[in-house]
Amino acid sequence: MHPPPSAAAMDFSQNSLFGYTEDLQELTIIERPVRRSLKTPEEIERLTVDEDLGDIERAVYLLSAGQDIQGTSVIANLPFLMRQNPAETLRRVLPKVREVLHVASVEMQLTAAVSFLNILQEESVSIHTYAHSFLQIILLHVEHRDAGVSNAWLETLLSVIEVLPKETIRHEILNPLVSKAQLSQTVQSRLVSCKILGKLTNKFDAHTIKREILPLVKSLCQDVEYEVRSCMCRQLENIAQGIGTDLTKSVVLPELIELSRDEGCSVRLAAFETLVNLLDVFDTDDRSQTILPLVKSFCEKSFKADESILISLSFHLGKLCHGLYGIFTPDQHLRFLEFYKKLCTLGLQQENGHNENQIPPQILEQEKKYISVRKNCAYNLPAMIVFVDPKNFQLELYSTFFCLCHDPEVPVRYTIAICFYEVSKLLNSGVYLIHKELITLLQDESLEVLDALIDHLPEILELMSTGGESSIQENKLPSLPDLIPALTAAEQRAAASLKWRTHEKLLQKYACLPHVISSDQIYYRFLQRMFTIMMTNKVLPVQKAASRTLCIFLRYNRKQEQKIEVIQKLIEQLGQGKSYWNRLRFLDTCEFIIELFSKSFFCKYFFLPVIELTHDPVANVRMKLCYLLPKVKSTLKIPEDKHLLQQLEMCVRKLLCQEKDKDVLAIVKRTVLELDRMEMSMDAFQNKFYEKDLLDQEKEREELLLLEMEQLEKEKQQDGRPMNEKTFEKKRRDIKTPTALPKSIPTAVPGPSASTPSASKEIKKSKLIRSQSINNQAFHAKYGNLDKCASKTSTAAYTPSASGLAKTSMISLTDDSFRTRNASSLPPSFSPNTPLPSTSRGTGNSVDPKSSGGKDPPPRKATLKSRKSNP
């Protein structure tokens, strides 16, 4: 914050005050046109239209007696009138439109061209009717004196040509075109003729084109005006596609050769681009004997010509080298490669460190063109890698790639960042060569470059970590330590900027890190950062992105102690945080937990902390919880989780009876009805939930594999025995790449006991086999009939009454349903150092909601605009 200026720094002299007076006078002048633009009562009276008039009558009246802006409005509304009443619109409105367009303004002309095109696209009338009513109006104004209006009508005409029948095109367009393309006509008329001819070749057979269209094409290619020759040259590509290979070689190619030697620079440029686009049409002899010499001559003369030719040449060079690849001699191959390298550094040799204010404007303009050339070279780099063969990248193109990644101009580095993934794929096992350039672009000072790079960051990092198909460990590993500091620095730079979308996208892409770096590296370098963002960042999408990425980090963490610590921090700092904003983020995190983890994991660690928020003093938290309750209920399985279901019912009934906030109460009532309609998932597979249950079993299998891998690592450290690397690697692949799920995987499998590390592998294997057998009996009980599943525990169903409310019945629950779960119910490997509010499936123990003591605090609302609330 800057200090206030001192009295000595303030100038209250007469000259200064006079300057302030002038500024005020300028503001007054600015406001005067605004006052003059207000309509007088007489003008308002003239703009007023009788409300009883119908749409057609009003349109006719406004086109006849209204002002220009009203007529423009009617023409813009013409597609609507055609949909409502096409017959009357064509009979009464369209003649008025024809009359008005003769003297219409540019705005009205542009509006009419768009409206006519919309009517064609909406197919409000038949093609025959459209051609009879609208085609002549379009042809009348296609040669308007204003270039913008003429182009608008021409675009409409070209769209109409695509759907018109051949006979209509011949009589209404092609026959008049013969006279329009003559030298006696205006340049504008001949330019329009060129574009129409390019469109007509797709509508007629080769014989008609050769007899009626090609003579006009030749005539316009030899026009006296270079603008016409250039325009006709650019249409030769469309004409070649319509006439076939033979006529292209005999008619189009000679014209292109002649135009490539034209005195006009724009004509030569158009001929070059057309030749490049038509390379696939010509055979090997034409390419080697005719086109290649032209291209070589064009490249040699490009540095002496205008820089605009270099821009076009650099843009098409990749396609050109690909199209002529098979006919290059080794010397020609090397020459074109050197030409590309020269373009990649064009303008960099002239850097002299001078201030931009001292450089003449023409030099600055030239520098901008050179930047465009280098940007196009960056765009063509993947094509040039194919040209030299990826095996020769290090020898031929690495230095060029290095220069492009370190180019002083942002557009060049931005383009190379976009192409980085394509380069990585092409190099395959040689991807280790560009590790340093990846670090360089991650550390780039421009966020635009970073934003372009992270679009494919997961795929790039996956290629970097595996080294393509055949990993080269000795070359890959030394560069990986630099990756983590670069990733953290990139995130901090994005967080410090105002571009929160880039920050959000980067956090989303960080979800790939478990497949790239180790679990410990993520835990110590990234996980705490995700917590900090969730707690302190002010942008909600960024917070949610950090939350989801943190959940993915937790999902693939291979150490149970670290998992327990993260879960505890989530519950204590977010779920039980002082700020209601943090408690809202806890509910967002729980939603991601439900999505990413198995049902048993959520019920074990997060079910109780979530439903405890039904007592939250802030209405917004309770409201968000109500929206989450259906997903919470979907994690339960009957009869295993009947005690959790009872607690959920008790919390909802308490909300329904005690909620005083009308907005929350309304949501609670809707939630009760939704919960009542939900069907519970059973322990055994059901046809209705088969896919979801299958996915949940796969998640449980992966969580079990993580525990097994941790146990194997502990055994290796304690016993000092070498671990079977094949078994370890197979388990790691099973976690990263889920395999087909067998149908006999258990719903919940306890982890291996850490208290018996010396147990034999045969005993553990037999326990695992026994735990993987599931009960094949299917339960088809619904939410209102849970007493059929639980023989000793009764549950109450939500029954909606006629008024839409849910009546609740008070039931007596056993004390065991609300007791705190004993620590012994957890497997030893799941036991944290400090107790967590968790549940154990298959037991009836749970937390008593009354054990917290005291009465519930009175509910209060907090607006979503406030950032924090300390209840």
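Reading the values: the criteria
- In this convention, every chain numbers its residues from 1, walking through the sequence in written order.
- A pLDDT threshold of at least 70 governs which residues receive local features in this predicted model, and a stricter bar of 80 or more applies before side-chain atom pairs are shown or counted, although totals over entire chains, interfaces and linings include all residues.
- Note: side-chain values were computed over all heavy atoms of the structure, leaving out hydrogens and water.
- Helix and strand definitions follow DSSP, with helices as H or I runs of at least four residues and strands as E runs of at least two, each counted in order from the N terminus.
- A simple rule labels every residue: compare its accessible area, found with a 1.4 Å probe on the protein chains alone, to the largest value its type can have, and call it buried under 20%, exposed over 50%, or partly exposed in between.
- Two residues form a contact once any of their heavy atoms are found within 4.5 Å.
- Each accessible area is a Shrake-Rupley result for a 1.4 Å probe, and residues are judged covered by the shown protein chains and nothing else.
- Any carboxyl oxygen of Asp or Glu within 4 Å of a side-chain nitrogen of Lys or Arg constitutes a salt bridge here.
- Residue-level confidence of the predictor is summarised by pLDDT, bounded by 0 at the bottom and 100 at the top.
- Only buried residues count toward a nonpolar core. Its members are Ala, Val, Leu, Ile, Met, Phe, Trp, Tyr and Cys residues joined through side-chain atoms within 4.5 Å.
- Stacked, tilted and edge-to-face pairs are distinguished by plane angle, under 30 degrees for stacked and over 60 for edge-to-face with tilted covering the rest, among Phe, Tyr and Trp rings (Trp via its six-membered ring) whose centres lie within 6.5 Å.
- To estimate the expected span of a helix, count its residues, drop one, and scale the result by 1.5 Å.
- Every angle, taken between N-to-C directions, lies between 0 and 180 degrees, and every axis is a line fitted to C-alpha atoms, over only the stretch in contact when it is a helix.
- By the definition adopted for this analysis, an angle is roughly parallel if under 35 degrees, roughly antiparallel if over 145, roughly perpendicular if from 65 to 115, and oblique otherwise.
- Polarity classes work like this: nonpolar for Ala, Val, Leu, Ile, Met, Phe, Trp, Tyr, Cys and Pro, charged for Asp, Glu, Lys and Arg, and polar for all others, with Gly in that last group.
- In this description, a disulfide is simply a cysteine sulfur pair whose atoms lie within 2.5 Å.

## With respect to the overall build of the protein
Line of reasoning, step 1. For the protein, the count of helices and strands is 42 helices and four strands.
Line of reasoning, step 2. The buried share of the protein, reckoned over its 871 residues, is 47%.
Line of reasoning, step 3. Considering only contacts within the protein whose residues lie at least 6 apart along the sequence, 74% involve residues at least 24 apart.
Line of reasoning, step 4. Of the roughly 44,300 Å² of accessible surface on the protein, a fraction of 53% belongs to carbon and sulfur atoms.

## Concerning the pattern of salt bridges
Line of reasoning, step 1. As enumerated under the stated definition, the model contains 31 salt bridges in all.
Line of reasoning, step 2. One salt bridge connects E273 with R234, and the closest N-O pair in it is separated by 2.6 Å. Pair noted here: E273 is in helix α16 (residues 265-277) and R234 is in helix α13 (residues 226-234), with a separation of 39 residues, a long-range link.
Line of reasoning, step 3. Classification of E273 by relative accessible area gives buried; the value is 13%.
Line of reasoning, step 4. For the salt bridge of E491 with R529, the shortest nitrogen-to-oxygen distance reads 2.7 Å. You can see E491 sitting in helix α29 (residues 483-496) and its partner R529 sitting in helix α31 (residues 519-536), a full 38 residues away along the chain.
Line of reasoning, step 5. Given the relative accessible area of 27%, R529 is considered partly exposed.
Line of reasoning, step 6. Residues participating in the shared-partner salt-bridge network are R170, R211 and E212.

## What to know about the confidence of the model for the protein
Line of reasoning, step 1. Across the protein, the average pLDDT comes to 78, with 73% of residues at 70 or higher.
Line of reasoning, step 2. Here residues 29-35 is modelled with pLDDT under 50, and outside its nearest four sequence neighbours on either side it reaches zero contacts, counting other chains as well.

## Description of unusual backbone geometry
Line of reasoning, step 1. Of the consecutive residues I638 and P639, the connecting peptide bond is found in the cis state with omega at 5°.
Line of reasoning, step 2. Mapping P639 onto the fold places it in the loop between β1 (637-638) and α38 (642-658).
Line of reasoning, step 3. One non-glycine residue, E123, lies in positive phi territory at about 55°.
Line of reasoning, step 4. Take E123: it is sitting in the loop between α7 (106-122) and α8 (127-141).

## A short note on the nonpolar core
For soluble globular proteins, the rule of thumb is that nonpolar side chains tend to be buried together.
Line of reasoning, step 1. Judged by nonpolar contacts, the single largest core of 228 residues is most densely connected at F116, I196, L200, F336, Y510 and F606.
Line of reasoning, step 2. Looking at this core, the element that brings in the most residues is helix α34 (residues 580-596), giving ten residues.
Line of reasoning, step 3. Setting aside residues no more than four positions away along its own chain, F336 makes contact with L292, V295, K296, C299, L317, L320, C321, F328 and F387.

## Quick word on the side chain of T248
Line of reasoning, step 1. The topology assignment puts T248 in helix α15 (residues 245-260).
Line of reasoning, step 2. In this structure T248 comes out as buried when scored by relative accessible area, which is 0%.

## Digging into the packing of aromatic side chains
Line of reasoning, step 1. Within this structure, the stated rule accounts for 19 aromatic pairs.
Line of reasoning, step 2. Both rings, one in F116 and one in W153, keep their centres 5.4 Å apart while their planes meet at 80°; by these two values the pair is edge-to-face. With F116 in helix α7 and W153 in helix α9 (residues 147-163), this residue pair connects regions lying 37 residues apart in the sequence.
Line of reasoning, step 3. Among the residues examined, W153 registers a relative accessible area of 0% and is labelled buried.
Line of reasoning, step 4. Consider the rings of F602 and F606, whose centres lie 6.3 Å apart with planes at 15°: the pair is stacked. When sorted by exposure, F602 lands in the same class as F606, which is buried.

## Examining α13
Line of reasoning, step 1. Buried residues of α13: V228, R229, S230, C231, M232 and C233, and no others.
Line of reasoning, step 2. Buried-residue contacts for α13 involve α11 (187-200), α12 (206-221), α14 (236-243), α15 and α16.

## Some points on the side chain of S150
Line of reasoning, step 1. Mapped onto the fold, S150 is located in helix α9.
Line of reasoning, step 2. Ignoring sequence-local partners within four residues, the contact set of S150 consists of V142, E143, H144, Q188 and V192.

## Some details on α16
Line of reasoning, step 1. For α16, built from 13 residues, the straight-helix expectation of 18 Å at 1.5 Å per residue is met to within 8% by its first-to-last C-alpha distance of 19 Å.
Line of reasoning, step 2. Of the positions making up α16, those classed as buried are V267, L269, A270, A271, F272, E273, T274, L275 and V276.
Line of reasoning, step 3. Buried residues in α16 make contact with α13, α14, α15, α17 (284-302) and α18 (307-323).

## So, the packing of α12 against α13
Line of reasoning, step 1. Contact geometry for α12 and α13: axes closest at 8 Å, N-to-C directions at 135°. Classified by the angle between their axes, α12 and α13 sit oblique to one another. Judged by residue contacts, V217, L220 and C221 of α12 engage V228, R229 and M232 from α13.
Line of reasoning, step 2. For the contact of α12 with α13, the residue count by class is five nonpolar, no polar and one charged.

## Thoughts on the state of the cysteines
Line of reasoning, step 1. Scanning all chains against the criterion turns up zero disulfides.
Line of reasoning, step 2. C231 supplies the cysteine sulfur nearest to C194, a cysteine that is in no disulfide, at a spacing of 4.5 Å.
Line of reasoning, step 3. Accessibility expressed as a relative area gives 0% for C194, which makes it buried.

## Quick notes on the environment of L324
Line of reasoning, step 1. Relative to the elements of secondary structure, L324 occurs in the loop between α18 and α19 (330-344).
Line of reasoning, step 2. When its relative accessible area of 0% is taken as the criterion, L324 is described as buried.
Line of reasoning, step 3. L324 has contacts with L279, R287, L292 and V295, leaving out every residue within four places of it along the chain.

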